[in-house]
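Commentary on secondary and tertiary structure
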Amino acid sequence: MKAEAFLPDDYRPAEDEPFMNERQLEYFRRKLLNWKAELLDESRHTIEGLQDSTRNIPDITDRASEETDRALELRTRDRQRKLVAKIDAALRRIDEGEYGYCEVTGEPISLKRLDARPIATMTLEAQERHERREKVHRDD
């Protein structure tokens, strides 16, 4: 494990520096780790909330409303669980030196795209082609 790169608090990756240099990699690593920590913290709060709200509600309408809220919360947590897996995959790509490059074309993914969606695995163009193909071949 190499030493952590110095990164000023106000650092933002710039187009005029070498692509995926140590500072950029450290910037995205921290961004991904912070995002993951937030998601896991929210999950802990959900679990605690679900355990606390296990009670018998006599009114059938109130009970149905609470069950709907609970189902929605669990669906949200499931999406976030999948997101954590994608964050872990992005962190592995950083460790392996593959982060920031399109898995389809091998071209660099724009820094703006990575800043907005740090788990991105394709350039915007490759993603759009993928989504068009998916839409055409989808069974409706």
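What you see is a predicted model, and the numbers here were worked out from it, not measured in a lab.

**A look at the side chain of T123**
Relative to the helices and strands, T123 resides in the loop between helix 3 (111–116) and helix 4 (124–137). A polar contact is formed between the side chain of T123 and the backbone nitrogen of A126, at a distance of 3.2 Å.

**Digging into the pattern of salt bridges**
Taken as a whole and assessed by the stated rule, the structure comprises 10 salt bridges. Notably, a salt bridge pairs R81 with D78, separated by 2.5 Å at the nearest N-O pair. Here the residue R81 and the residue D78 both occupy positions in helix 2 (residues 60–96), the gap between them amounting to three residues, near one helical turn. For D78, a relative accessible area of 30% puts it in the partly exposed group.

**What to know about the nonpolar core**
Counting 23 residues, the largest nonpolar core has M20, F28, L32, I87, I94, Y99 and L114 as the members making the most contacts within it. Listing elements by their share of this core, those giving two or more residues are helix 1 (22–52), helix 2 and helix 3. No other element matches helix 2, which puts six residues into this core. Contacts of Y99, omitting those with residues within four sequence positions, involve M20, L25, F28, L32, A90, R93, I94, L114 and P118.

**Section: the packing of aromatic side chains**
With the rule as written, the count across this model stands at four aromatic pairs. Their ring planes at 80° and their centres at 5.1 Å tell us that Y27 and F28 sit as a pair that is edge-to-face. Like F28, Y27 is buried. Ring geometry for F28 against Y99: centres 5.5 Å apart, planes inclined by 45°, an arrangement best described as tilted.

**Considering a negative patch on the surface**
A contiguous patch of negative charge on the surface is contributed by E107, E125, E128, E131 and E134. Here E107 is to be found in the loop between helix 2 and helix 3. Residue class for E107 comes out partly exposed when judged on its relative accessible area of 44%.

**Digging into the confidence of the model for the protein chain**
Here the protein chain shows a mean pLDDT of 88. Residues at 70 or above account for 90%. Within the protein chain, no element has a lower average pLDDT than helix 1, which sits at 88, and none a higher one than helix 3, at 96.

Criteria and thresholds
- Residues numbered from 1 in each chain as written.
- Predicted model: local features only at pLDDT ≥ 70, side-chain atom pairs only at ≥ 80, totals over all residues.
- Heavy atoms only, no water.
- Helix = DSSP H or I, 4+ residues; strand = E, 2+ residues; numbered from the N terminus.
- Polar contact = N/O pair within 3.5 Å; in protein donor to acceptor, adjacent residues only side chain to side chain.
- Salt bridge = Lys/Arg side-chain N within 4 Å of Asp/Glu carboxyl O.
- Buried < 20%, exposed > 50% of the residue type's maximum accessible area, 1.4 Å probe, protein only.
- Core = buried A, V, L, I, M, F, W, Y, C linked by side-chain atoms within 4.5 Å.
- Contact = heavy atoms within 4.5 Å.
- Phe/Tyr/Trp six-rings, centres within 6.5 Å; stacked < 30°, edge-to-face > 60°.
- Patch = residues over 30% accessible without salt bridge, like charges linked within 9 Å, V, L, I, M, F, W, Y side chains within 5 Å.
- Areas by Shrake-Rupley, 256 points an atom, 1.4 Å probe, with all protein chains shown as cover.
- Lys, Arg positive; Asp, Glu negative; His and termini not counted.
- Charge placed at Lys NZ, Arg CZ, Asp CG, Glu CD.
- pLDDT = per-residue confidence, 0-100.

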